Structures are given as structure tokens and as C-alpha cells.
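Each chain, written out:
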Amino acid sequence: EVEKERDPLSYLSKEETKEKIQLYNAAVTDKLKMTLNSNGIYTGFIKVQMELRRPITANGSNTAFYMPKGSINILHISSTNTVREVIEALLRKFMVADNPAKFALYKHCQKEDQVYMCRLSDREHPLYLRLVAGPNLETLSFVLREHETGDWEAFTVPELQNFLRILDKEEEEQLQSLKRRYSSYKEKLEEALSGVHKPG
């Protein structure tokens, strides 16, 4: 049991892996099948939903931007790829310059009526989890998020300054919107009051 915990790739024998992959591929509806290589390593696809609340910085740019919420990305990986490698691959795909240590991969599971969200350790193997759960995304899906700890120490000073600029801009836009609403309300109120005070 201890050995199994240490190496998730040994959870299944080669025969069990072959059988699981056949069952998995028979259940796939989107052509994203798995392939078993002669060395026992298998490759396949995982879908990762991006749920990033903070702005991210693109490579070669000092500009931070918000990733569209809920966008789903498909990665082709092998059974040896770890959670840490999957996070790094996702960030490379989007040319994100931020430190991969700021992000965590979560598994979203549904058992009966209960929904669970659980952070994966860096050493876990997402493709193994996908194979064991089967292709149904309701049974298991992957979500990329920032760490929940509010660990701002991982950010560089320019990134933090960028966040402040974005927040200042959003605050200014909110303020202007409030002023416009207040001004419009004031005009309507004055019109209504002037109608009441007219000598009649």
C-alpha cells in the first residue's frame, strides 16, 4: 500500500491499464482517446477549466489581463506528467509569465448529490485520474485556480503595481458611473420638485 501511494503509476498492472484504456476509449464521445505505448506509458487528453480571479501577466509584456472565466483548454499529456508539469504547460500555452507556484490544479468530483473540489498535490498524475474516473466530466473535471492562501509574496513588485493600476482604473470607472447616476437622479428630482412648487 505504501509503495502504491509513492508511485501512482503502479496502481494498475499493464494488463489492467490496457483493459481500462479500452473501456475508456469505448465510452469517449469527443474523439479524445487514450493510446497505450509498448513501454506501458499511455497518452491522452485532459480538459482544464480556467477559473482565475486575479489578472495574469503575458510574456514580454508589462500588461496584466483577466483570463476569460470558465474557458476550457485541452492538453495532450502522458501518464508520467505530473500536476506541476500540467500547470506549467497551461501557462506556456497562454504565454503567461507569472510564476507557476501561484497556481494550483483542483479536481472537481461529483458523487451522488455531493460535489467536491479538492486541490491536487504537485506529484499526482492527472491522466491516471482521468483514466480511472472515465471520460465523463461530471464524474471528474480539472480546474486551474490561484492558490487559496492569498499568498501575495509569490508576486513580483511590477506585477503588484500592475494589479494596483487595474484596481485604480476599475475604481475610477465605478466612481464615474456613480457620479453619472447621481447627476441623472438629481436632475429628475429637481424637475419633479419644480413641478410641485409652481403656483397654481
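Counting starts from 1 at the beginning of each chain's written sequence and moves along it residue by residue. In view of the model being predicted, local features appear only for residues whose pLDDT reaches at least 70, and side-chain atom pairs are presented and counted only at 80 or more, with totals across whole chains, interfaces and linings using the full set of residues. Side-chain numbers here rest on the full set of heavy atoms in the structure, without hydrogens or water.

As named in an unreviewed UniProt entry, the protein chain is Ras association domain-containing protein 3, taken from Staurois parvus.

1. Comments concerning unusual backbone geometry
Here the phi dihedral of Lys 31 falls at roughly 70°; this positive angle occurs in a residue that is not glycine. The class of Lys 31 is exposed, set by a relative accessible area of 77%. Even without glycine at this site, Met 95 takes up a positive phi of about 50°. Along the polypeptide, Met 95 turns up in the loop between α3 (83–93) and β6 (103–111). Only protein chains enter the accessibility calculation, which uses a 1.4 Å probe. A residue is then buried if its area is under 20% of the maximum for its type, exposed if over 50%, and partly exposed in between. Each helix corresponds to a stretch of at least 4 residues labelled H or I by DSSP, and each strand to a stretch of at least 2 residues labelled E; elements are numbered beginning at the N terminus.

2. So, a nonpolar patch on the surface
Residues qualify for a patch when their relative accessible area is over 30% and they have no salt bridge, like charges being joined within 9 Å and the nonpolar side chains of Val, Leu, Ile, Met, Phe, Trp and Tyr within 5 Å. Exposure was quantified through the Shrake-Rupley algorithm and a 1.4 Å probe, taking into account, for residues, occlusion by the shown protein chains and nothing else. A carboxyl oxygen of Asp or Glu within 4 Å of a side-chain nitrogen of Lys or Arg is what we treat as a salt bridge. On the surface, a nonpolar cluster with roughly 320 Å² of combined accessible area is contributed by Tyr 185, Leu 189 and Leu 193. Overall, Leu 193 belongs to the partly exposed group, its relative accessible area being 45%.

3. Points about the side chain of Thr 43
Inspection of the secondary structure assignment puts Thr 43 in strand β2 (residues 42–50). According to the relative accessible area criterion, Thr 43 is buried, its value standing at 18%. Contacts: residue pairs with any heavy atoms within 4.5 Å of one another. Beyond its immediate chain neighbours, meaning those up to four positions away, Thr 43 contacts Lys 33, Met 34, Thr 35, Asn 37, His 76, Ile 77, Ser 78 and Leu 127.

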